[in-house]
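Structural description and commentary
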Amino acid sequence: MSFVPMESLGIGQKHFVPNQRRCLNEVAGSYTYFADGDVLLAKITPCFENGKLGIAEDLKNGIGFGSSEYIVFRPNKELNKDWLYYFLSREDFRAEGAARMTGAVGHKRVAKEFIEAYPIPLPPLPEQQRIVGILDEAFEGIAAAKAKAEANLRNARELFEATLAQHIFGDPADKGWRRSDVASLAEARKNAIRTGPFGSQLLHSEFVDDGVAVLGIDNAVENEFRWGKRRYITEKKYKELTRYTVKSGDVLITIMGTCGRCAIVPDDIPPAINSKHLCCITLDPTKCLPEFLHAYFLHHPVARAYLEENASGAIMAGLNMGLIKEMPVWLPSLSDQRDLVRQFQVVREQVQSLEAIYQQKCATLDELKNSLLHQAFSGRL
């Protein structure tokens, strides 16, 4: 029979694809049961807030099992399943449900009592079907517009990478660049390349509300420096860990969790250290610019091939400081590095402009969807 884990339940996807099979004795009693025509809604955070929701169809033998975090709705003859799906898709419903969730942080759920007591407008079935037809047609057009915008953005990103590989980086040997490695480009001092404190050097219980910042994955995961969750240690603790201090211009690379992301520490960085989840590189400014190494690490075919070949596990799970030190770097002169960085910025800004247009278009389309849903369930469609 069909098995539908949480990851198979889509967002903005009316009908989910039941592409897994399980034997009855594996799932009975442990998972949620549903049948063709049922509407599934994720009840746990953040899946509920994200709108994980769908109508079951084409199930093996007409039945399926899935996550225990599903709420299953079985419409009666007076309720069109598509009408119910669109009703539960509304932003207002999700906001109200999220506000009334119960449970521990990270495991909050929408209460069954909230769902059972939530009022739903119920016009005659023919009227439900009429409005569903309007919404289906409108949402199909919106989905097509989003897909076209996404394809345009994807093409722009591919062109960006091709431009970097062919025209900006090019063939380093033909350009006369010298072959080096990351370790040779670091400052000639101890701990110029370092990961953060491990084990008992820094315990989670030692974090405080204010003091010296501790940088982690969230500060580099977008491939540019951003402040995420704030973590601090006291000045007293910092004195024990000064060798892990980060400075403006240092290059940060994530080595745990979402590995292989890269960012440059900004000029206005306050006192801070890096956590064990980051490798921090202080470069010799007479050899390599941080902006060049950042672009090289993320986009140069040699760097990408090296990481894919040497890092073990899914999503570069085995990335470590030794691999980073040994990564080959084809290095132009400092003046050429400055020119390449300028070229890179021009092309990157063009892509960022397209990304902003894409995001604005998607936001506009989402607003249109919400407006249509509001009209549909307030009797104005």
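Computed from a predicted model, the values in this text were never measured in an experiment.

**Focus: the layout of surface pockets**
Volume-wise, the largest pocket comes out at about 820 Å³. Surrounding the largest pocket, 29 residues form its lining, E222, N223, L298, H299 and R348 being those nearest its centre. When residues of the lining of the largest pocket are traced back to their parent elements, those giving at least two are α6 (125–169), α9 (290–299) and α12 (334–376). Examining the composition of the lining of the largest pocket, we find that seven residues originate from one element, α12, more than from any other. Its boundaries defined by the atoms lining it, the second largest pocket holds a volume of some 620 Å³. If you trace the second largest pocket, you find 23 residues lining it, with I11, G12, Y85, F139 and K369 closest to the centre. Counting residues per element, the ones that place at least two in the lining of the second largest pocket are α3 (81–88), α4 (91–99), α6 and α12. Considering each element in turn, the lining of the second largest pocket owes the most residues, eight residues, to α6.

**Quick notes on the environment of K108**
Here K108 shows up in the loop between α4 and α5 (112–117). For the pair K108 and I44, spaced 64 residues apart in the sequence, the C-alpha separation amounts to 5.8 Å. Those residues in contact with K108 that sit more than four places away from it in its chain are K43, I44, T45, M101, T102 and G103.

**What to know about the pattern of salt bridges**
The tally for this structure, following the rule as stated, stands at 18 salt bridges. Put simply, E127 and R130 hold a salt bridge, and the shortest N to O gap is 2.8 Å. Of the two residues, E127 and R130 are both situated in helix α6; the distance of three residues between them amounts to about one turn of the helix. A relative accessible area of 28% means that E127 is categorised as partly exposed. Between D339 and R342 there is a salt bridge, and its shortest N-O distance comes to 2.2 Å. In this pair, D339 and R342 both sit in helix α12, three residues apart, roughly one turn of the helix.

**Structural notes on unusual backbone geometry**
With an omega of -5°, the peptide bond running from T45 to P46 counts as cis. Its location among the elements puts P46 in the loop between β4 (39–42) and α2 (47–50). Phi angles above zero are rare outside glycine, and N61 is one such case at about 60°. Its place among the elements puts N61 in the loop between β5 (53–55) and β6 (63–66). The exposure class assigned to N61 is exposed, which follows from its relative accessible area of 66%. For N223, which is not glycine, the phi torsion reads 65° and is therefore positive. As for its placement among the helices and strands, N223 is situated in the loop between β10 (212–215) and β11 (232–233).

**A look at the side chain of S275**
Structurally, the position occupied by S275 is in the loop between β14 (272–274) and β15 (278–281). Using a relative accessible area of 11% as the deciding quantity, one classes S275 as buried. Excluding residues within four positions of it along the chain, S275 makes contact with T195, G196, V214, L215 and G216.

**Looking at the packing of aromatic side chains**
Taken as a whole and judged by the stated rule, the model has 18 aromatic pairs. Relative to F34, the ring of F16 lies with its centre 6.4 Å away and its plane at 90°, an arrangement referred to as edge-to-face. With F16 in the loop between β1 (2–4) and β2 (20–21) and F34 in strand β3 (residues 32–35), this pair connects stretches of sequence that are 18 residues apart. Through pairs of rings, three or more aromatic residues link up here, namely F48, W83, F87, F93, F114, Y118 and F377. Of note, R230 hangs over the ring of W227, and the distance from its end group to the ring centre comes to 4.1 Å.

**Some words on empty space enclosed by the protein**
All told, the structure shown has one cavity of 30 Å³ or more when counted by the stated rule. Taken as a whole, the largest cavity encloses approximately 40 Å³ of empty space. I168, F169, F292, A295, L340, V341 and F344 are the residues that line the largest cavity. At the level of secondary structure, the elements contributing two or more residues to the lining of the largest cavity comprise α6, α9 and α12.

About the criteria used
- Residues numbered from 1 in each chain as written.
- Predicted model: local features only at pLDDT ≥ 70, side-chain atom pairs only at ≥ 80, totals over all residues.
- Heavy atoms only, no water.
- 1 Å grid on protein atoms, 1.4 Å probe; cavity = no way out; pocket = protein on both sides within 12 Å on 5 of 7 lines; lining within 4 Å.
- Points joined across faces, edges and corners; volume = space filled by probe spheres on them.
- Helix = DSSP H or I, 4+ residues; strand = E, 2+ residues; numbered from the N terminus.
- Contact = heavy atoms within 4.5 Å.
- Salt bridge = Lys/Arg side-chain N within 4 Å of Asp/Glu carboxyl O.
- Buried < 20%, exposed > 50% of the residue type's maximum accessible area, 1.4 Å probe, protein only.
- Phe/Tyr/Trp six-rings, centres within 6.5 Å; stacked < 30°, edge-to-face > 60°.
- Lys NZ or Arg CZ within 6 Å of the ring centre and 35° of its normal.

Worth remembering: the numbers are spatial, not functional.
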